[in-house]
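Commentary on secondary and tertiary structure
The primary structure of each chain is shown beneath.
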Amino acid sequence: MWRIAVFGLLVQPAVFAGQAYVGKSSFVSPYATQAVTADGKFFYAVSNRKIAKCDRAGGAELAVSEGPALHLNSAVISGGKIFCAHSNYPLKPEKGDLRVLDPETMKLTVFHEFADPPGSLTWALQKDGSWWCHFAHYGKENAKSVLVRYDGGWKETGRWLYPEAFVKEWGSTSLSGAVWLGDVLLVTGHDKKSVYRLQVGEKIEWIGTVPSPFPGQGIAIDPETGGLVGIDRKRKTVIFAELEKE
C-alpha cells in the first residue's frame with residue numbers, strides 16, 4: 001500500500017560543494033526545444049512532435065522520427081531504445097503515455113498509456129525494475145505535481161509530493177527533466193540554470209543545487225563522460241557538460 005509523502009527540507013539548501021556543470025561542447029539543432037539524450041555515437045534532440053538523430057562528433061542531422069506526437073518531453077535510452085514522456089499538454093483532461101523510438105528505423109510508437117494520469121507527464125525513468133514518473137501541474141496548482149513509482153507491470157507502488165520550499169523554487173512551473181545518479185535524483189525545472197539534487201525515501205529531500213549551462217528542460221547522462229547533456233531551448237542548442245569544481 002502506497003502513501004503520499006509530503007515532508008522535506010523547509011529551507012533552500014546551499015549550492016552543492018562548490019561544484020558546477022560546465023559546458024564542454026554544443027551543437028545547434030532546430031529540434032532541441034524539449035530535451036535531449038545521447039549514446040556513444042549519437043545524440044537525440046527532442047521537440048514537441050519529433051526526435052532528431054544526430055552525429056555527436058559533428059552534430060550533423062541524420063534522421064528524424066516518424067510517427068504522431070503532440071507534446072514530447074524528456075527522453076532516456078534503455079536497451080537500445082529511446083523512451084520519451086508524452087502528454088497532451090495544455091489540453092484537458094490530461095492524457096499521458098510513454099513513447100518508444102527505435103533508433104534504427106526511427107519509428108515512434110506508444111509503449112505504455114496511462115489511465116487517468118495525475119497530471120502532465122514530463123519525465124519517466126527506470127530504476128531497480130520500477131518506472132519513476134513525474135506528473136506536472138502549473139501555475140497556482142503546481143504544488144500538486146507528483147512523483148509516482150510503478151512496478152514492471154505498471155501497478156502504482158508509491159507516490160510523493162515535493163517539499164514546499166522546493167515547489168517555490170519552480171515559480172509557476174514544475175519539473176521538466178531528471179536522471180538517476182546512483183541513489184540521488186537529479187532534476188531540472190523549466191527555465192533556471194540549475195540542477196537540483198533530491199533524495200527519495202519516506203519523503204523527498206532537496207539536498208543541493210548545482211549550477212549548470214542548461215536553463216531547464218530535459219537532461220540525460222552522457223555515457224561517454226559521466227556528465228550531463230541538456231539543451232538551451234531559446235538557442236535551440238544541445239550542450240554536453242561535465243561536473244567541475246568552481
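If you're wondering where the values come from, they're calculated on a predicted model, not measured in any experiment.

**A word on empty space enclosed by the protein**
Throughout the structure, instances matching the rule amount to 2 cavities of 30 Å³ or more. Volume-wise, the largest cavity comes out at about 50 Å³. For the largest cavity, the full set of lining residues is Glu 169, Trp 170, Thr 173, Gly 189, His 190, Asp 191, Lys 192 and Tyr 196. Per-class residue counts for the lining of the largest cavity are 2 nonpolar, 3 polar and 3 charged. Estimates place the volume of the second largest cavity at around 40 Å³. The wall of the second largest cavity is formed by Ser 74, Ala 75, Val 76, Phe 83, Trp 123, Ala 124, Leu 125, Ala 178 and Ile 219. When contributions to the lining of the second largest cavity are tallied by element, the ones reaching two or more residues are strand 7 (71-78) and strand 11 (120-127).

**A short note on the packing of aromatic side chains**
Tallied over the entire structure, the rule returns 21 aromatic pairs. Plain terms: the ring middles of Phe 114 and Phe 135 are 5.4 Å apart, the flat faces sit at 85° to each other, and that makes the pair edge-to-face. Of this pair, Phe 114 sits in strand 10 (residues 107-114) while Phe 135 is found in strand 12 (residues 130-136), placing the two residues 21 residues apart along the sequence. Linked through ring pairs, Phe 83, Phe 111, Phe 114, Trp 131, Phe 135, Tyr 150 and Trp 154 together constitute an aromatic cluster. One Lys or Arg, Lys 53, reaches over the ring of Phe 42 and ends 4.4 Å from the middle of that ring.

**Some details on unusual backbone geometry**
Of note, the amide linkage connecting Tyr 89 to Pro 90 takes the cis form, showing an omega dihedral of 10°. Its place among the elements puts Pro 90 in the loop between strand 8 (81-87) and strand 9 (96-102). A cis amide bond links Lys 92 with the next residue in sequence, Pro 93, at an omega value of -10°. A positive phi is found at Trp 154, a non-glycine position, where the angle reads about 65°. Along the chain, the position of Trp 154 falls in the loop between strand 13 (146-150) and strand 14 (156-161). On the basis of relative accessible area, Trp 154 is assigned to the buried category, the value being 18%. One non-glycine residue with positive phi stands out, namely Gln 217, at about 75°.

**A look at the nonpolar core**
In terms of nonpolar packing, the biggest core is built from 19 residues, with Trp 123, Leu 147, Tyr 162, Phe 166, Leu 185, Val 187 and Leu 198 touching the most fellow members. Broken down by secondary-structure element, the contributors of at least two residues to this core are strand 11, helix 1 (164-169), strand 15 (177-181), strand 16 (184-188), strand 17 (194-200) and strand 18 (204-211). Apart from the residues lying within four places of it in its own chain, the contact partners of Tyr 162 are Trp 123, His 134, Ser 145, Val 146, Leu 147, Val 167, Trp 170, Leu 175, Leu 198 and Ile 204.

**Regarding the environment of Tyr 21**
Secondary-structure assignment places Tyr 21 in strand 2 (residues 19-28). Not counting residues within four places of it along the chain, the set of residues in contact with Tyr 21 comprises Leu 181, Leu 186, Val 195, Val 210, Pro 211, Ser 212, Pro 213, Leu 228, Ala 241, Glu 242 and Leu 243.

**As for the layout of surface pockets**
Taken as a whole, the largest pocket spans an internal volume of roughly 240 Å³. Elements with a minimum of two residues in the lining of the largest pocket: strand 3 (35-38), strand 7, strand 11, strand 15 and strand 19 (220-221). In terms of residues, the lining of the largest pocket owes the most to one element, strand 7, which gives 4 residues. For the lining of the largest pocket, a count of residues per class yields 12 nonpolar, 3 polar and no charged.

Quick notes on the rules
- Residues numbered from 1 in each chain as written.
- Predicted model: local features only at pLDDT ≥ 70, side-chain atom pairs only at ≥ 80, totals over all residues.
- Heavy atoms only, no water.
- 1 Å grid on protein atoms, 1.4 Å probe; cavity = no way out; pocket = protein on both sides within 12 Å on 5 of 7 lines; lining within 4 Å.
- Points joined across faces, edges and corners; volume = space filled by probe spheres on them.
- Nonpolar A, V, L, I, M, F, W, Y, C, P; charged D, E, K, R; others polar.
- Helix = DSSP H or I, 4+ residues; strand = E, 2+ residues; numbered from the N terminus.
- Phe/Tyr/Trp six-rings, centres within 6.5 Å; stacked < 30°, edge-to-face > 60°.
- Lys NZ or Arg CZ within 6 Å of the ring centre and 35° of its normal.
- Buried < 20%, exposed > 50% of the residue type's maximum accessible area, 1.4 Å probe, protein only.
- Core = buried A, V, L, I, M, F, W, Y, C linked by side-chain atoms within 4.5 Å.
- Contact = heavy atoms within 4.5 Å.

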